[in-house]
Amino acid sequence: MLVTPPDGILLVDKPQGISSHRVVSIARRRLDLKKIGHAGTLDPMATGLLVLGVGPSTRLLTHLVGLDKTYTATIRLGVGTDSDDADGDPVSGAGVPSEGVTDDAIEAAVAALRGPIDQVPSTVSAIKVDGRRAYDLARKGEAVTLRSRRVTVDRFEVRGRADRVVSVDGVDVGVVDLDVVVSCSSGTYVRALARDVGAALGTGAHLTALRRSVVGPFSVEDAIDLEDDTVDVRAALARPADVARRLFPAVQLDGAQAKDLGDGKRISVDHPDSDGPVAAIATGSDRLVGLVAVRRGQLRVITNFPTATGANP
């Protein structure tokens, strides 16, 4: 019996303590397929939504990487770390300032980081410096200087506050834990937001928790636990055409048009001009034929899906 190779987008709820690469490895084992990629990593400390492309649908990942994201996180004021999160070693801060940190001061620091900002990424990050990962350089004790990048923070809201005493290297210090929600553009480092809030308040700061809840139109509520062997991973794959319709406007093609587009021919359609992407979908099979631009009623292929057959035939 011929089994159709898996193809689609898989939403995974990544657990804490494993890398995104490890999640991809588990998916490859569960689906018995090597061609699987992701649309943006999560740090090992972080949990939440990881979007995977499976089979031919890995071609969609280029168009998913830049989607906006939403996180919930906990920022600890009073102690900084070398990675700006709980996986790093303490490097600054002996607790919050003696006069304390007021809610008004916190709101002012957070408000300054809303909107378009120039953010310097965390030193321990995957950004390449002269062809080498910044985290590799930092862990070897080499100096790392990263350039700022323009990002947009649409929402940065403090949802709760807890003042407590914790032990840092055997010394009890006072800290303030802030529960926050952040909605931001792709490329934003929530760890760096925590660092910069602390700097504005005159204290060290780092993340103690981070969870990604939303990527574009996708929610962690629809994600699966990939380590649960009772979950039918293949059945959880979202079909390419369904995903494309959620992301882009669509144009329907009849069988002859779909074949001609797949063969690289120009075809005419009744659709408004668009630089793209527009999802070109075969009507009969409901198959994603390609992502296209439309100019003067003609389609120009941006990304073709000649072998896409749907994830759940």
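Residues numbered from 1 in each chain as written. Predicted model: local features only at pLDDT ≥ 70, side-chain atom pairs only at ≥ 80, totals over all residues. Heavy atoms only, no water.

As annotated in an unreviewed UniProt entry, the chain is tRNA pseudouridine(55) synthase TruB from Curtobacterium aetherium.

Trainee: What should I look at first to understand the overall build of the chain in this one?
Mentor: Of the regular secondary structure elements, the chain holds 7 helices and 17 strands. Relative to its 313 residues, the chain shows a buried fraction of 48%. Within the chain, counting contacts between residues at least 6 apart in sequence, those at least 24 apart form 69% of the total. Roughly 15,200 Å² of accessible area belongs to the chain as shown, and the carbon and sulfur atoms make up 48% of that amount. (Helix = DSSP H or I, 4+ residues; strand = E, 2+ residues; numbered from the N terminus. Buried < 20%, exposed > 50% of the residue type's maximum accessible area, 1.4 Å probe, protein only. Contact = heavy atoms within 4.5 Å. Areas by Shrake-Rupley, 256 points an atom, 1.4 Å probe, with all protein chains shown as cover.)

Trainee: What is the right way to look at the nonpolar core in this model?
Mentor: One finds Leu 10, Leu 52, Ile 75, Leu 77, Phe 156 and Leu 226 to be the most contacted residues of the largest nonpolar core, which totals 45 residues. Those residues in contact with Leu 77, other than ones at most four positions away along the chain, are Val 96, Val 101, Ile 106, Val 175, Val 176, Leu 178, Val 197, Gly 198, Leu 201, Thr 203, Gly 204 and Ala 205. (Core = buried A, V, L, I, M, F, W, Y, C linked by side-chain atoms within 4.5 Å.)

Trainee: Can you walk me through the pattern of salt bridges in this structure?
Mentor: Pairing between side chains becomes possible if they bear opposite charge and their charged atoms approach one another. In this structure the tally under the stated criterion is 20 salt bridges. As a salt-bridge pair, Asp 196 and Arg 195 come within 2.8 Å of each other at their nearest N and O atoms. With a shortest N-O distance of 3.0 Å, Arg 239 and Asp 286 are connected by a salt bridge. Pair noted here: Arg 239 is in the loop between strand E13 (218-219) and helix H6 (240-247) and Asp 286 is in the loop between strand E15 (274-282) and strand E16 (287-295), with a separation of 47 residues, a long-range link. Salt bridges here are not isolated pairs; linked through shared partners, they connect Arg 239, Asp 242, Arg 245 and Asp 286. (Salt bridge = Lys/Arg side-chain N within 4 Å of Asp/Glu carboxyl O.)

Trainee: In this structure, what is going on with the pairing of E16? I would like to understand it.
Mentor: Each regular strand displays side chains that alternate between the two surfaces of the sheet. Burial of E16 is extensive: 7 of the 9 residues sit out of reach of the surface. Relative to E16, E15 is paired through 6 bridges, and the arrangement is antiparallel. Its bridge partner being in E16, Ser 274 is matched across the sheet by Val 294. Hairpin connection of E15 to E16: 4 residues between the antiparallel strands, including Asp 286 at a positive phi of 55°. Bridge analysis of E16 against strand E17 (residues 298-304) gives 6 bridges, and the strand direction is antiparallel. Each residue of the ladder has a partner; that of Val 292, found in E17, is Val 301. Remark: 2 residues form the turn of the hairpin made by E16 and E17, two consecutive strands paired antiparallel; Arg 296 in that turn has positive phi of roughly 50°. (Pairing = 2+ DSSP bridges.)

Trainee: Sorry if this is basic, but what is going on with unusual backbone geometry here?
Mentor: Apart from glycine, the bulk of residues carry a negative phi angle, and the bulk of peptide bonds sit in the trans form. We note that Asp 84 has phi near 65°; this positive angle belongs to a residue other than glycine. By secondary structure assignment, the location of Asp 84 is in the loop between strand E5 (80-81) and strand E6 (90-92). With relative accessibility at 8%, the residue Asp 84 sits in the buried group. Although it is not a glycine, Asp 169 sits at a positive phi angle of roughly 50°. Secondary-structure assignment places Asp 169 in the loop between strand E10 (149-168) and strand E11 (171-184).

Trainee: Just to check I follow, could you spell out helix H5 (residues 190-200) for this structure?
Mentor: Because each turn of an α-helix spans 3.6 residues, side chains separated by three or four positions in sequence point in the same direction. For H5, the complete set of buried residues consists of Val 190, Arg 191, Ala 192, Leu 193, Ala 194, Val 197 and Gly 198. Looking at the packing, one finds that the buried side of H5 touches strand E4 (69-77), helix H3 (103-111), strand E7 (115-119), E10, E11 and strand E12 (205-215). Phi for Gly 202, located one or two positions after H5, is positive at around 75°.

Trainee: Looking at this model, I keep getting lost on empty space enclosed by the protein. Mind explaining?
Mentor: Taking a probe equal in size to a water molecule and rolling it over the atoms shows the remaining empty space. With the rule as written, the count across this model stands at 1 cavity of 30 Å³ or more. Of all elements in the fold, only strand E1 (8-14) and helix H1 (20-31) reach the threshold of two or more residues within the lining of the largest cavity. When the residues that make up the lining of the largest cavity are grouped by side-chain class, the tally is 6 nonpolar, no polar and 3 charged. (1 Å grid on protein atoms, 1.4 Å probe; cavity = no way out; pocket = protein on both sides within 12 Å on 5 of 7 lines; lining within 4 Å. Points joined across faces, edges and corners; volume = space filled by probe spheres on them. Nonpolar A, V, L, I, M, F, W, Y, C, P; charged D, E, K, R; others polar.)

Trainee: Please explain the side chain of Ser 122 as it appears in this structure.
Mentor: You can see Ser 122 is positioned in the loop between E7 and strand E8 (128-129). Of the polar contacts made by the side chain of Ser 122, one reaches the side chain of Asp 84; its length is 2.9 Å. (Polar contact = N/O pair within 3.5 Å; in protein donor to acceptor, adjacent residues only side chain to side chain.)

Trainee: Can you walk me through the sheet that holds E17 in this structure?
Mentor: Working definition: the strands of a sheet are paired by backbone hydrogen bonds and lie parallel or antiparallel to each other. If you trace the 4 strands from one edge of the open sheet to the other, you get E14-E15-E16-E17, paired in mixed fashion. At either end of the open sheet lies a strand with only one pairing partner, and these are strand E14 (250-253) and E17. Across the sheet, the axes of successive neighbouring strands diverge by a mean angle of 40°, strand direction being ignored. Helix-sheet contacts for H6 involve E14, E15 and E16, and the interaxial angle to E16 is about 30°. (Axes fitted to C-alpha atoms, helices over the stretch in contact; angles between N-to-C directions.)

Trainee: Please explain H6 as it appears in this structure.
Mentor: When we look at burial in H6, the residues that qualify are Pro 240, Ala 241, Val 243, Ala 244 and Leu 247. Down the axis of H6, the sector holding all buried residues measures 160°, keeping them to one side. Of the surrounding elements, those touching the buried residues of H6 are E1, helix H2 (61-64), E13, E15 and E16. (Arc of directions from axis to C-beta.)

Trainee: Is there a simple way to think about the side chain of Ser 185 in this case?
Mentor: Its location among the elements puts Ser 185 in the loop between E11 and H5. Under the relative-accessibility criterion, Ser 185 is labelled buried at 16%. In this structure Ser 185 touches Asp 68, Val 151 and Thr 152, once residues within four positions along its chain are discounted.

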